[in-house]
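# Structural overview
Chain residues, written in single-letter form:
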Amino acid sequence: MSLHVVIGAGPVGTATAELLATRGIRVRSITRSGSGPDHPLIERVAADAADAEALISHCAGADVVYQCAQPAYHRWVTDFPPLAAAVLRAAEVTGAVLVSVGNLYGYGRVDGPIGERHPLRPNSGKGRVRAQIWAEALAAHEAGRVRVAEVRGSDYLGAGAQSAFTMVALPAVLSGRRVWFPADPDAAHSWTDVGDTARTLVAVAHDESAWGRAWHTPTAAPMSIRELAGLAATVAGAPPVRVSRMPTAVLWAAGLLEPNAREMRELRYQFDRPFVIDSSAANAAFGIDPTPTVESLRATITAVRADEEPTLIR
């Protein structure tokens, strides 16, 4: 039976492992803690993916490696390069196809919809790291050392998704409070479904003609924070939502104490102007239609509420 290795058990890694297992593919899920989805075809392994030698042993015999792991958000600049290098090395030694999860940071500021053919011109530390990781993987592919591809999405919605919306706006929506958002709440923004990213990763992995390039996950039409918050309130049965822009001084003060707020300052440009993904290439190549945003929100809210339910102690 074919073996596919999924590194990371966050929202995308979990969705990818589960999708593969439902298709009858044997999966090895690698995380630091040995966590991961529960399924008869999913083997959960505890390992440090930044340890190239350990990773090589765990990827031996795999047809595909999906790199879905990422360091803590505020440690990308220091921790992402060695992680990516170890995964690339493991794919090269074992001969597995490497399909990695990327994002749009490497493009920097772009006027108009962002397509895969846009040059990578990062304007942030995180964007430079993402661009560097892809450049090194693509160079190895073009040298014939390894077969790679990358799947990029915008901010995520879906079960377990973490984004500026789910961390800043959604808690306020669900509790009936005013949403204070630290950027323009009316700028158009693309929201990518976690499950659609998993479907795109698997489609790319199984299509030799798709290797050696980046693909954008098929993504629904953009919505502003105000529109998305209003739709979330409807889905959740919450009171009508009020959305206001957070004063810049408040965001800067929050950044002194909270790492994620500090990181938001660097990437606020993505929310202060339209930030829209063009995913037509993957839609045409793989026939993947994006999940409607209302369904993505329903899955997001259901997962949040499930996490909030008290545990029954017996």
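Residues numbered from 1 in each chain as written. Predicted model: local features only at pLDDT ≥ 70, side-chain atom pairs only at ≥ 80, totals over all residues. Heavy atoms only, no water.

When you go through the chain residue by residue, the secondary structure sums to 11 helices and 11 strands. In terms of overall size, the chain behaves like a compact globule, its C-alpha atoms giving a radius of gyration of 19 Å where 314 residues would be expected to give roughly 20 Å. Counting only C-alpha atoms, the chain reaches 55 × 55 × 40 Å along its principal axes. Across the 314 residues that make up the chain, the buried fraction comes to 51%. Sequence-distant contacts in the chain: of pairs separated by 6 or more residues, those separated by 24 or more amount to 72%. Of the accessible surface of the chain, which amounts to about 13900 Å², a share of 53% is contributed by carbon and sulfur atoms. One way to put it: in the chain the 30 positive side-chain charges average out to a point 5 Å from where the 32 negative ones average out. (Helix = DSSP H or I, 4+ residues; strand = E, 2+ residues; numbered from the N terminus. Rg over C-alpha atoms; globule rule 2.2 N^0.38 Å. Buried < 20%, exposed > 50% of the residue type's maximum accessible area, 1.4 Å probe, protein only. Contact = heavy atoms within 4.5 Å. Areas by Shrake-Rupley, 256 points an atom, 1.4 Å probe, with all protein chains shown as cover. Lys, Arg positive; Asp, Glu negative; His and termini not counted. Charge placed at Lys NZ, Arg CZ, Asp CG, Glu CD.)

Here the structure, examined in full by the defined rule, presents 3 cavities of 30 Å³ or more. Space inside the largest cavity adds up to approximately 50 Å³. If you trace the largest cavity, you find it lined by Gly102, Asn103, Gly106, Leu120, Arg130, Ala131, Trp134, Glu150 and Arg152. At the level of elements, strand E5 (97–103), helix H4 (125–142) and strand E6 (148–153) are the ones that each hand at least two residues to the lining of the largest cavity. (1 Å grid on protein atoms, 1.4 Å probe; cavity = no way out; pocket = protein on both sides within 12 Å on 5 of 7 lines; lining within 4 Å. Points joined across faces, edges and corners; volume = space filled by probe spheres on them.)

It is worth spelling out the pattern of salt bridges at this point. All told, the structure shown has 13 salt bridges when counted by the stated rule. Between Asp48 and Arg32 there is a salt bridge, with the nearest N and O atoms lying 3.5 Å from each other. Here Arg32 lies in the loop between strand E2 (26–31) and strand E3 (42–46) and Asp48 lies in the loop between E3 and helix H2 (52–59), a separation of 16 residues in the sequence. Overall, Asp48 belongs to the partly exposed group, its relative accessible area being 31%. According to the relative accessible area criterion, Arg32 is exposed, its value standing at 66%. Across the pair Asp79 and Arg75 runs a salt bridge whose closest N-O atoms are separated by 2.8 Å. (Salt bridge = Lys/Arg side-chain N within 4 Å of Asp/Glu carboxyl O.)

With the rule as written, the count across this model stands at 8 aromatic pairs. Centroid distance Phe181 to Phe271: 5.4 Å. Interplanar angle 70°. Geometry classified as edge-to-face. Taken as a pair, Phe181 in strand E8 (residues 179–181) and Phe271 in the loop between helix H9 (259–267) and helix H10 (280–286) lie far apart in primary sequence, 90 residues in all. Connected via pairs of aromatic rings, a cluster forms that spans Tyr73, Trp76, Phe80 and Tyr105. (Phe/Tyr/Trp six-rings, centres within 6.5 Å; stacked < 30°, edge-to-face > 60°.)

Let's shift gears to the environment of Gly102. Its place among the elements puts Gly102 in strand E5. Among residues more than four places away in sequence, those in contact with Gly102 are Arg130, Glu150, Val151, Arg152, Gly153 and Tyr156.

By the criterion of burial, E6 is predominantly enclosed, with 6 of the 6 residues buried. By the alternation rule, side chains of E6 split into Val148, Glu150 and Arg152 and Ala149, Val151 and Gly153, which are all buried. With 6 bridges joining them, E5 and E6 adopt parallel strand pairing. Note that in E6 the partner of Leu98 across the bridge is Val148. Handedness of the E5-H4-E6 crossover: right-handed. (Pairing = 2+ DSSP bridges. Right-handed = clockwise from strand over helix to strand, strands pointing away.)

With that settled, the discussion passes to the nonpolar core. Within the largest apolar cluster, 40 residues are counted, with the highest numbers of intra-cluster contacts made by Ile7, Leu55 and Val65. Here the element with the most residues in this core is helix H3 (residues 76–94); it accounts for 8 residues. Apart from the residues within four sequence positions on either side, Leu55 is in contact with Ile7, Ile30, Ala49, Ala86, Val87 and Ala90. In terms of nonpolar packing, the next biggest core, distinct from the first, is built from 32 residues, Leu20, Val97, Val151 and Leu201 among them. (Core = buried A, V, L, I, M, F, W, Y, C linked by side-chain atoms within 4.5 Å.)

Right, let's get into the pairing of E2. Within a regular strand, side chains alternate between the sheet's two faces. Counting buried positions along E2 yields 5 of 6 residues, so the element is predominantly enclosed. Two elements, strand E1 (residues 3–7) and E2, share 5 bridges in a ladder whose sense is parallel. The residue bridging His4 from the neighbouring strand is Val27, located in E2. After leaving E1, the chain enters helix H1 (residues 11–22) and then returns to the sheet as E2, a path that is right-handed.

Looking now at the environment of Ser2. Relative to the assigned elements, Ser2 resides in the segment before E1. On a C-alpha basis, the gap between Ser2 and Val27 in space is 8.5 Å, while along the polypeptide they are 25 residues apart. A polar side-chain atom of Ser2 sits 2.5 Å from a polar atom in the side chain of Asp63. (Polar contact = N/O pair within 3.5 Å; in protein donor to acceptor, adjacent residues only side chain to side chain.)

Just geometry here; none of it tells us what the structure is for.
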